[in-house]
Amino acid sequence: MALQLTYASTVPAGADTVFVLPASTRELPPAALTDLPEAARNYVHKQLAADSKFITINHFSHRHYFIVAAAKATPELVAEDLRKAGHKLHASLKADKVTELFIQDLTTDGTGALPLAEGIYLTAYQFAGYKTDEKSREKAP
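These lines cover the structure that appears in this document, whether it is placed above or below.

The rules behind each value
- Residues numbered from 1 in each chain as written.
- Predicted model: local features only at pLDDT ≥ 70, side-chain atom pairs only at ≥ 80, totals over all residues.
- Heavy atoms only, no water.
- Helix = DSSP H or I, 4+ residues; strand = E, 2+ residues; numbered from the N terminus.
- Buried < 20%, exposed > 50% of the residue type's maximum accessible area, 1.4 Å probe, protein only.
- Contact = heavy atoms within 4.5 Å.
- Areas by Shrake-Rupley, 256 points an atom, 1.4 Å probe, with all protein chains shown as cover.
- Phe/Tyr/Trp six-rings, centres within 6.5 Å; stacked < 30°, edge-to-face > 60°.
- Pairing = 2+ DSSP bridges.
- Patch = residues over 30% accessible without salt bridge, like charges linked within 9 Å, V, L, I, M, F, W, Y side chains within 5 Å.
- Salt bridge = Lys/Arg side-chain N within 4 Å of Asp/Glu carboxyl O.
- Axes fitted to C-alpha atoms, helices over the stretch in contact; angles between N-to-C directions.

**Some details on the overall build of the chain**
For step 1, the next point in the chain: Check the secondary structure of the chain and you find 4 helices and 4 strands.
For step 2, the next point in the chain: Order of helices (α) and strands (β) in the chain, N terminus to C terminus: β-α-β-β-α-β-α-α.
For step 3, the next point in the chain: When each of the 141 residues of the chain is scored for burial, the buried share is 34%.
For step 4, the next point in the chain: Long-range pairs, those at least 24 residues apart, make up 65% of the contacts in the chain with a sequence separation of at least 6.
For step 5, the next point in the chain: A total accessible area of about 9,000 Å² is found for the chain, and carbon and sulfur atoms account for 54% of it.

**What about the packing of aromatic side chains?**
For step 1, the next point in the chain: One pass over the full model with this rule turns up 2 aromatic pairs.
For step 2, the next point in the chain: Where Phe 19 meets Phe 66, the ring centres are 5.2 Å apart and the plane angle is 15 degrees; that geometry is what we call stacked. You can see Phe 19 sitting in strand E1 (residues 17–21) and its partner Phe 66 sitting in strand E3 (residues 63–68), a full 47 residues away along the chain.
For step 3, the next point in the chain: Phe 66 sits in the buried class, given a relative accessible area of 0%.
For step 4, the next point in the chain: Between Phe 54 and Tyr 65, the ring centres sit 6.4 Å apart and the planes meet at 25 degrees, which makes this aromatic pair stacked.

**Topic: the pairing of E1**
When a strand is regular, its side chains alternate between the sheet's two faces.
For step 1, the next point in the chain: Most of E1 is tucked away: 5 of the 5 residues are buried.
For step 2, the next point in the chain: Pairing geometry for E1 and E3, over 5 bridges, is parallel. Bridging from a neighbouring strand, Val 18 pairs with Tyr 65 of E3.

**So, a nonpolar patch on the surface**
For step 1, the next point in the chain: Where nonpolar side chains cluster on the molecular surface, the patch consists of Tyr 125, Phe 127 and Tyr 130 and spans about 460 Å² of accessible area.
For step 2, the next point in the chain: Here Tyr 125 lies in the loop between helix H3 (113–124) and helix H4 (134–137).
For step 3, the next point in the chain: For Tyr 125, a relative accessible area of 57% corresponds to the exposed category.

**A look at the sheet that holds strand E2 (residues 54–58)**
In sheet architecture, strand pairing relies on hydrogen bonds along the backbone and comes in two forms, parallel and antiparallel.
For step 1, the next point in the chain: Pairing is mixed in the open sheet, where 4 strands are placed in the order E2-E3-E1-E4. If you trace the sheet from one side to the other, it starts and ends with E2 and strand E4 (102–105), each paired once. Within this sheet the neighbouring strands show an average axis-to-axis angle of 15 degrees, counted without direction.
For step 2, the next point in the chain: Most of the contacts of helix H2 (residues 75–96) go to E3, to which it runs at about 160 degrees, and overall it touches E1, E2 and E3.
For step 3, the next point in the chain: Packed on one face of the sheet, H3 meets E1, E3 and E4 and runs near 150 degrees to E4.

As structure tokens, this is what we get:
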């Protein structure tokens, strides 16, 4: 999966989006309710009440991913946990064949997007410099 990170000040409607939520979130913030139908809102609320850390909503035209930051002792541990969540998210993105993703950071201090993006980016890295035959040089889908 080819990956390029860019910055966008607004998220277009109907775009694949990941929302980074603050630790101990039990209810979705208004910014995360952009185009969620009532049934999807109820599902996400139930998952948050059950203390789920990774929630996916498939709208068929686009997807929403919700990642709840962990409540850790230090900011460094929170960042590392978000990098691991990025690794897990990358597997879902690859399976869902997502080509463009917007990260919306809803954490209280606004430091959740960068570690999540780092986790996605580090997972997507492939070193193909010494591959010898054509088949092994082909990029992974």
